[in-house]
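# Summary of the model geometry
Take a look at the letters that make up each chain.
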Amino acid sequence: MTPPRLLLVPHTHWDREWYEPHEVFRVRLVAMVDGLLELLESDPGYRFTLDGQAAAVDDYLALRPENAGRVADAVNRGQLAIGPFLILLDEFCGDGETIVRNLELGIRSSRALASEMRVGYLPDMFGHAAQMPQILVGFGIRDAALWRGVPNRIRRHAFRWTAPNGDSVRTENLWDGYGSALKLFEPLPKAAALIEDYLERHAEWFDGEDVAGMYGTDHMVPRPDLGDVVEDTRLATDRLGEMLTLGQLVGRRDHSDAALAALPEVTGELRSHARGNLLPGVLSARTNLKGAMAESERRLTTAERLDAVAGDGAARAFLDRGWYRLVESTAHDSATGCGVDETAEQVEARIHEAGHIARGLIDRRMRALSRLAPRGTVLAFNPAGRSRVVQVELTLEGKEAPRGTQLLTHLPTTIGDELLATGDLEKLLRRIHGQELFGRRIRSYSWHGHGLDFVVADEADGTFDLATFASELQARVATEDPTPWRVRTLVPPSIRILAEETAPGLGLVVVDPHRSRLVGNPVTADGHTLSNGLVEVGVGTDGTIAIVDLATGRRSERSCLLVDDGDCGDSYNFGPVPGGTVDAQGQVSITVAEPGPLRARIVVTRRLQLPARLGDDRKTRAVEVVEQLVVSTYELRAGEDFCRVTVELVNRAADHRLRLLVGTRESGVATSASAGQYAVTVRGRTAEGGWGEFPLPTFPATRFVHAGGVTVLLRRLTEYEVVAGQGGEPDAIALTLVRSVGLMSVNTHPLRDEPAGSELPVPGAQYLGTPVRVELAIAPGWSGPEAPELVAAADVFRFEPVTVSGSGDGAREVPAPPLETSGDVVLESLRRLPDGLEARFVNYASADRTMAVTTDRPWRRTNLAGEVLYEGVDPSTLSVPGSTIVTLRTSEHSV
């Protein structure tokens with residue numbers, strides 16, 4: 001047999017932003033690609049892989065548009081590989097649809113020039129999501145290449161990576177990192193011997209196949225003399241092959257059924273520490289970035305669904321821009337928060353920009369639809385795929401709440417009260433714009449003595465005459481009377497109320513407070529207890545809660561306990577500080593904020609006494625203490641069998657991790673299950689180590705986490721750990737609220753042998769003075785992570801309705817939704833495309849489920865790339881295999 005050779009894959013790993021912000025790195029990128037194009041054109045044998053992300057090309061051509069043809073020519077000659085992703089993402093900071101859009105945008109960008117590399121290149125991510133193989137296969141990509149996360153039992157350069165539904169990709173295992181060949185050419189005179197020695201020492205990994213020699217590292221400029229170096233080295237050894245792009249190398253591998261079947265297999269997520277640092281602390285660094293990402297994902301999803309249901313065709317360009325902004329922010333050194341402060345600030349601004357685009361689209365469309373609802377009512381859009389009861393707040397004139405609604409507050413009747421000199425009365429004319437004053441419309445005004453009263457409201461009859469008023473005002477100014485005038489702006493007596501109505505999935509509904517239904521099981525708040533006939537919540541004197549599911553008797557005790565630890569780590573890894581844990585809840589106050597009957601809330605304020613920072617030695621916590629105020633709102637709604645929890649704080653301490661503990665029903669919990677990225681992943685209580693990083697068993701959850709018979713619903717990526725109960729209590733799910741650190745990476749870390757980056761100060765990551773808000777819900781009554789109640793509740797909890805005040809003269813028929821779900825298969829995406837609608841669904845269960853979608857139009861099944869698989873699909877009866885993503889499309893004539 002011919003001895004295996006080293007096949008060289010020149011590349012650069014281009015972190016778009018990290019220890020420098022994006023534009024600093026872009027200056028370097030442009031210079032690098034300028035030189036690369038000259039090198040490729042002067043050396044036909046040179047090959048280069050541009051990091052698997054099309055954003056590098058987009059960023060370059062934004063400043064060098066005249067070079068688009070040169071880039072395309074290099075790709076078409078086979079010298080340059082681009083794409084298929086838009087950005088080298090973190091696979092856990094965005095949800096499943098964001099990963100799909102990443103590939104969609106990257107492939108679109110690459111094909112606008114030439115073609116994309118058909119390899120899912122994932123070199124530096126901090127672990128890999130379980131459904132990535134299915135997503136790659138959905139775009140027709142059958143190969144991946146990656147480094148971190150592969151379990152220790154894989155001792156081969158390739159394996160089959162299988163998604164939970166059974167889809168597999170052949171995966172090039174970059175077990176020696178994405179710079180494995182760099183060390184083989186230094187010093188250059190020893191290159192031949194170094195290559196031969198490397199191949200012999202690691203022969204077991206390659207089983208006689210040629211070896212991928214990854215020649216590149218972070219922000220590396222292509223070596224201009226590499227062609228000569230290769231040619232000279234090949235004179236000294238026959239074990240060095242030619243230069244290839246990664247796509248060309250993978251294309252040479254044996255993809256026969258027999259060869260693939262012979263490969264070792266790994267199913268599900270890859271989060272082992274065995275072959276490289278996993279750096280799991282990025283899950284909890286700068287938690288507001290994760291919250292912003294989730295909120296913008298929800299807004300874009302809502303805007304797309306509203307456009308699909310009742311759009312006018314004007315939203316597509318805005319939505320494309322919003323998704324681009326969001327996807328580019330999911331880069332593995334961006335949304336993770338493990339860069340410098342300037343980078344984090346820019347990333348958060350882009351994420352918010354994506355959300356702002358969506359908010360603008362929602363606002364514009366809902367205003368246009370407001371005429372479908374009469375004045376005095378609210379039009380609500382339910383973005384969830386299934387029918388639900390929506391609760392909306394609205395303002396009514398009067399003092400009494402209509403039957404079936406809930407009084408929230410009496411609103412002030414005076415919104416302006418001041419004394420003005422006679423000569424200053426003319427200022428009033430500058431405040432009035434037509435019929436508007438202080439954001440409302442003028443209904444009437446009256447002069448009395450030396451007083452002037454305006455009555456304003458959201459609606460008026462339009463009889464206010466500004467010219468007449470100005471004339472009357474000028475006459476009074478002319479008197480030069482020295483007595484001051486009292487000017488008041490009054491609002492009719494009004495109340496803020498809560499009303500509810502049943503909305504179909506993806507449906508618009510008019511909420512009329514005067515026709516609200518009576519509450520069957522009203523919610524009550526009595527002292528320290530909330531109840532709605534389904535669950536009961538008792539608030540303890542320490543601010544923790546006990547939740548009981550009334551139908552089953554299942555309980556979660558002492559939930560929402562706050563526990564604070566010192567952290568001597570960095571943005572990549574939590575660093576435990578011996579001792580110094582604070583679990584005393586401090587001074588506690590408990591207040592009933594809303595008594596029901598539709599929604600009841602109890603607000604708990606805890607004043608924790610926390611060490612202000614680490615000591616000077618960074619091994620202990622400081623003696624100085626700061627008061628940390630934490631406000632928790634416990635909420636029950638009518639008809640919901642879970643307790644909503646909102647935790648708010650403004651962080652006052654440095655170098656610490658604050659967690660919220662949710663009590664399970666069991667001790668010795670063996671596994672947990674969390675949902676996110678289109679899958680439910682079951683994990684044990686430990687993680688695999690082996691590289692030089694202690695494998696803390698902290699894991700990601702996006703939609704929910706279930707352990708020990710208790711479920712926590714989530715609205716953003718959250719770091720969690722199952723921890724042992726104290727004093728015989730059941731185990732608990734620990735959820736990280738905030739983790740404050742002051743260094744991007746520390747040189748010496750108690751749980752990590754080597755730095756993850758440079759030891760740069762990141763004072764912004766301490767979050768001092770930063771508001772943090774976390775929303776979750778706790779349910780002790782569901783049987784497990786595949787319970788139908790959990791599937792439905794997670795879908796409802798994720799989305800709140802969007803509303804607009806009615807502006808019509810009477811009720812009109814609202815548009816019917818194009819589809820509605822009622823089963824266990826979850827709608828993940830619905831959008832309007834140029835040639836019709838596209839809907840994407842996921843079966844999160846491990847077994848087959850019926851889609852159970854009601855629709856009045858024909859659909860066909862496609863892959864993620866939009867290629868038709870089957871015509872004439874019936875979504876009401878379609879059986880969806882476990883853990884499977886299903887995409888359906890319909891044609892324009894049926895929209």
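As a reminder, the structure under discussion sits directly above these lines.
Conventions and cut-offs
- Residues numbered from 1 in each chain as written.
- Predicted model: local features only at pLDDT ≥ 70, side-chain atom pairs only at ≥ 80, totals over all residues.
- Heavy atoms only, no water.
- 1 Å grid on protein atoms, 1.4 Å probe; cavity = no way out; pocket = protein on both sides within 12 Å on 5 of 7 lines; lining within 4 Å.
- Points joined across faces, edges and corners; volume = space filled by probe spheres on them.
- Helix = DSSP H or I, 4+ residues; strand = E, 2+ residues; numbered from the N terminus.
- Nonpolar A, V, L, I, M, F, W, Y, C, P; charged D, E, K, R; others polar.
- Axes fitted to C-alpha atoms, helices over the stretch in contact; angles between N-to-C directions.
- Parallel < 35°, antiparallel > 145°, perpendicular 65-115°, else oblique.
- Left-handed = near helix turned anticlockwise from the far one by under 90°.
- Contact = heavy atoms within 4.5 Å.
- Pairing = 2+ DSSP bridges.
- Buried < 20%, exposed > 50% of the residue type's maximum accessible area, 1.4 Å probe, protein only.
- Right-handed = clockwise from strand over helix to strand, strands pointing away.
- Salt bridge = Lys/Arg side-chain N within 4 Å of Asp/Glu carboxyl O.
- Disulfide = S-S within 2.5 Å.

### Some thoughts on empty space enclosed by the protein
- The full count for this structure, using the stated rule, is 14 cavities of 30 Å³ or more.
- For the largest cavity, the calculated volume is near 120 Å³.
- Contributing to the lining of the largest cavity are 16 residues, with D95, A294, E297, T702 and R715 lying nearest its centre.
- Top contributing element to the lining of the largest cavity by residue count: helix α11 (residues 287-310), with five residues.
- Taken as a whole, the second largest cavity holds about 100 Å³ of empty space.
- Taken together, A675, R703, F704, P785, V791, A794, D795, R798, V826 and Y844 make up the lining of the second largest cavity.
- In terms of residue count, helix α16 (residues 788-798) provides more of the lining of the second largest cavity than any other element does, four residues in total.
- A class-by-class count of the residues in the lining of the second largest cavity yields seven nonpolar, no polar and three charged.

### Quick word on the packing of helix α12 (residues 316-328) against helix α13 (residues 341-369)
- Taken N-terminus to C-terminus, the directions of α12 and α13 make an angle of 160°; their axes are 8 Å apart at the nearest point. By the criterion of interaxial angle, the relationship of α12 to α13 is roughly antiparallel. Classified by chirality, the crossing of α13 by α12 is left-handed. Each of F318, L319, R321, G322, R325, L326 and E328 in α12 lies in contact with α13, whose residues at this interface are R350, I351, E353, A354, I357 and L361.
- Grouping the constituent residues of the contact of α12 with α13 by class yields seven nonpolar, one polar and five charged.

### Points about the sheet that holds strand β7 (residues 168-173)
- Here five strands make up an open sheet; going across it, the order is β4-β5-β7-β6-β10 and the pairing mixed. Each end of this open sheet is capped by a strand with a single partner; those strands are β4 (120-122) and β10 (265-267). Neighbouring strand axes in the sheet, compared pairwise and without regard to direction, differ in orientation by 30° on average.
- Pairing of strand β6 (residues 158-162) with β7, which is carried by five bridges, proceeds in the antiparallel orientation. When the sheet's bridge partners are listed, W161 is paired in β7 with V169.

### Points about the pairing of strand β17 (residues 451-457)
- Burial runs high along β17: six of the seven residues are buried.
- Regarding the hand of the β-α-β motif, the stretch spanning β17, helix α15 (residues 466-478) and strand β18 (residues 485-490) is right-handed.

### Some thoughts on the pattern of salt bridges
- Going through the model one piece at a time under the given rule, you end up with 81 salt bridges.
- Put simply, E204 and R155 hold a salt bridge, and the shortest N to O gap is 3.8 Å. Taken together, the positions of E204 in helix α7 (residues 203-206) and R155 in the loop between β5 (143-146) and β6 put the pair 49 residues apart, joining distant regions of the chain.
- Judged by its relative accessible area of 37%, R155 falls in the partly exposed class.
- Across the salt bridge formed by E594 and R599, the nearest N and O atoms sit 2.8 Å from each other.

### Some words on the side chain of T681
- For T681, the position within the fold is in strand β33 (residues 679-683).
- Taking relative accessible area as the criterion, T681 reaches 12% and is therefore assigned buried.
- Leaving out residues up to four positions away in the same chain, T681 has contacts with A130, E269, S672, A673 and S674.

### Focus on the sheet that holds strand β42 (residues 825-833)
- A sheet is described by the order of its strands in space; here five strands give the open sequence β42-β43-β49-β46-β47, paired in antiparallel fashion. On the outer flanks of this sheet lie β42 and β47 (868-873), each paired with one strand and no other. Shown here is a sheet whose adjacent strand axes are inclined to one another by a mean of 25°, direction ignored.
- Across eight bridges, the pairing between β42 and strand β43 (residues 836-843) is antiparallel. Each residue of the ladder has a partner; that of R831, found in β43, is E838.

### Structural notes on the state of the cysteines
- Under the counting rule described, the total for this entry stands at zero disulfides.
- Not engaged in a disulfide, the cysteine C560 finds its nearest cysteine sulfur in C643; these two sulfurs lie 7.0 Å apart.
- Residue class for C643 comes out buried when judged on its relative accessible area of 0%.

### Details of the packing of helix α1 (residues 22-42) against helix α3 (residues 68-76)
- One can describe the packing of α1 onto α3 by two numbers: an axis separation of 11 Å at closest approach and a directional angle of 45°. The orientation of α1 with respect to α3, classified from their angle, is oblique. Pair α1 / α3 crosses with left-handed handedness. Packed against α1, whose contacting residues are L37, E38, L40 and E41, the element α3 presents R70, V71 and A74 at the interface.
- For the contact of α1 with α3, a count of residues per class yields four nonpolar, no polar and three charged.

Any functional reading would require information beyond the geometric quantities listed.
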